[in-house]
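Structure assessment
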Amino acid sequence: MLPIADTLNTSITLAERGQLAASVDQLRGGLRQARRAAESTDSWRAEIDRQVRPHPALTYSHESPLVHRCYVKPRGYAGDAVLLDLIYRHPAIQPLANQATTRGRQLMEAGLTSPAPRAVRNRCRLLAEEIDAVCCRHPRAEILSLACGHLREAEHSAALAEGGFGRFVALDQDEESVESVRRDYGALGVEAGVGSVKSVLARGLREWGRFDFIYTAGLYDYLSDRVAAKLLSALYGMLKPGGRVWTANFVPDIPDVGFMEAIMDWWLLYRDAPAMMALAEAGLEGKRDVASVRTFHETEGNVVFLEVVKG
């Protein structure tokens, strides 16, 4: 049996003493170590079902609106745009946060200081910076965001605020997210529409045309290698000459991984830089106009980006 019980019990004791940040840290560190000690993913899942799900630590952790939303998945999947708004501390989620207990709000805030939420916010800022850089180079730049969520990077982009772009298309399979983008950013000129991996693979270039910059932030965390490589090939085919595509992925063994899986029921497919390069090799096979391929990380190293530039 994995060493989970002591972690759960200690976290409860710390929470009862009002040491909520320490309680969250205890869960994060202990569950990461337990995950590392597991013989397989199946055995790890079995220990979660056996030890974590019946434990009071799960109940008190779910007082956090962030943890609770991820676990119950009201839109049918983890990591939805409202969850990301909670991570961004966006004003739109204030009514949802206000429904939580005082301890729940404090637990959420303690969790938001951990590495994975910081990486999500870092990722958002990097995307906004690249949008501005592309628009600075090409004042009539055409940009595509796939799996756009609520497109909160728009609020960090001077180019979007000032209309310094040619076309900005934001696609998501979640119709509620698409409506949110239309409502919040349609007046800036953002074209929001329903689009998925399947639709991009089937008719991406034909339906949406070519772009100077294409990016997808959190999508690759859920795609198998086969689908991820096929999608990269399709997105590359939608680039103009000189255009670039960015994909992002959480790296393996991030500090929050045990907490995310055991407490939030949030399971990702993790990749490091070599794995991203392998996707590029598979997705770009036979393409002779590739100018460059590189990987880089957000500032804390928990999210890796793959950049492919077309010649």
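Scroll up for the structure.
Residues numbered from 1 in each chain as written. Predicted model: local features only at pLDDT ≥ 70, side-chain atom pairs only at ≥ 80, totals over all residues. Heavy atoms only, no water.

Comments concerning helix α5 (residues 65-72)
We apply this condition: Only protein chains enter the accessibility calculation, which uses a 1.4 Å probe. A residue is then buried if its area is under 20% of the maximum for its type, exposed if over 50%, and partly exposed in between. The way it works is that DSSP assigns letters per residue, a run of H or I at least four long becomes a helix, a run of E at least two long becomes a strand, and they are numbered from the N terminus. Note on contacts: a residue pair is in contact if any heavy atoms of the two residues lie within 4.5 Å.
When α5 is considered as a whole, its buried residues turn out to be Pro65, Leu66, Val67, Arg69 and Cys70. Here the buried face of α5 lies against α4 (56-61), α6 (81-88), α7 (94-98), α8 (102-112) and α14 (257-262). Among the residues trailing α5, Lys73 stands out with phi positive, at a value near 55°.

A short note on the nonpolar core
Formally: Only buried Ala, Val, Leu, Ile, Met, Phe, Trp, Tyr and Cys residues count toward a nonpolar core, and they belong to the same one when joined by side-chain atoms within 4.5 Å.
With 104 residues, the main nonpolar core has Val52, Leu151, Phe168, Tyr215, Leu231, Phe250 and Trp266 as its most contacted residues. Here this core gets 8 residues from one element, more than from any other, and that element is helix α13 (residues 225-237).

A few points about the packing of aromatic side chains
We count it as follows: For Phe, Tyr and Trp, where Trp contributes only its six-membered ring, two rings pair if their centres lie within 6.5 Å, and the inter-plane angle classes them as stacked under 30 degrees, edge-to-face over 60, or tilted in between. In this scheme, the term charge over a ring applies when either NZ of a lysine or CZ of an arginine sits within 6 Å of the ring centre and within 35 degrees of the ring normal.
Scanning the entire structure with this criterion turns up 6 aromatic pairs. An angle of 80° between the planes, with centres 6.2 Å apart, marks the rings of Phe165 and Phe168 as edge-to-face. Taken as a pair, Phe165 and Phe168 share a single burial class, namely buried. When the ring of Phe213 is compared with that of Trp246, the centres are 5.5 Å apart and the planes differ by 85°; the resulting orientation is edge-to-face. Of this pair, Phe213 sits in strand β4 (residues 211-216) while Trp246 sits in strand β5 (residues 239-250); the two residues are 33 residues apart in sequence, bridging distant segments of the chain. One exposure class covers both Phe213 and Trp246, and it is buried. Every member of this aromatic cluster is reached through a ring pair, and the members are Phe213, Tyr215, Trp246, Phe296 and Phe305. Above the face of the Trp267 ring, Arg45 is positioned so that its terminal group lies 3.7 Å from the ring centre. Of note, Lys310 hangs over the ring of Tyr236, and the distance from its end group to the ring centre comes to 5.1 Å.

Things to note about the pairing of strand β2 (residues 167-172)
Definition in use: Strands qualify as paired when DSSP identifies two bridges or more between them. Orient the strands so they point away from the viewer, and a crossover whose first-strand-to-second-strand path over the helix runs clockwise is right-handed.
β2 sits mainly inside the fold: 6 of its 6 residues count as buried. The alternating pattern of β2 places Arg167, Val169 and Leu171 on one face and Phe168, Ala170 and Asp172 on the opposite face, and all of these are buried. Bridging between strand β1 (residues 142-146) and β2 involves 5 bridges; their strand directions are parallel. The residue of β2 that forms the bridge with Ile143 is Phe168. In terms of strand pairing, β2 meets strand β3 (residues 190-194) through 5 bridges, oriented parallel. The residue of β3 that forms the bridge with Val169 is Glu191. Note on the crossover from β2 through helix α11 (residues 175-185) to β3: the handedness is right-handed.

Remarks on the sheet that holds β1
Operational definition: All axes here are fitted lines through C-alpha atoms, helices being fitted over the stretch that makes contact, and every angle between N-to-C directions spans 0 to 180 degrees.
If you trace the 7 strands from one edge of the open sheet to the other, you get β3-β2-β1-β4-β5-β7-β6, paired in mixed fashion. Each having just a single partner strand, β3 and β6 (290-297) make up the two edges of the open sheet. Averaged over all pairs of adjacent strands, the angle between their axes in this sheet comes to 15°, without regard to strand direction. Of the strand pairs in this sheet, β5 and strand β7 (residues 303-310) are connected by 7 bridges, and their pairing is antiparallel. Counterpart to Arg244 in the pairing with β7 is Val309. Together, β5, β6 and β7 form the strand contacts of helix α15 (residues 273-283), whose direction differs from that of β6 by roughly 155°.

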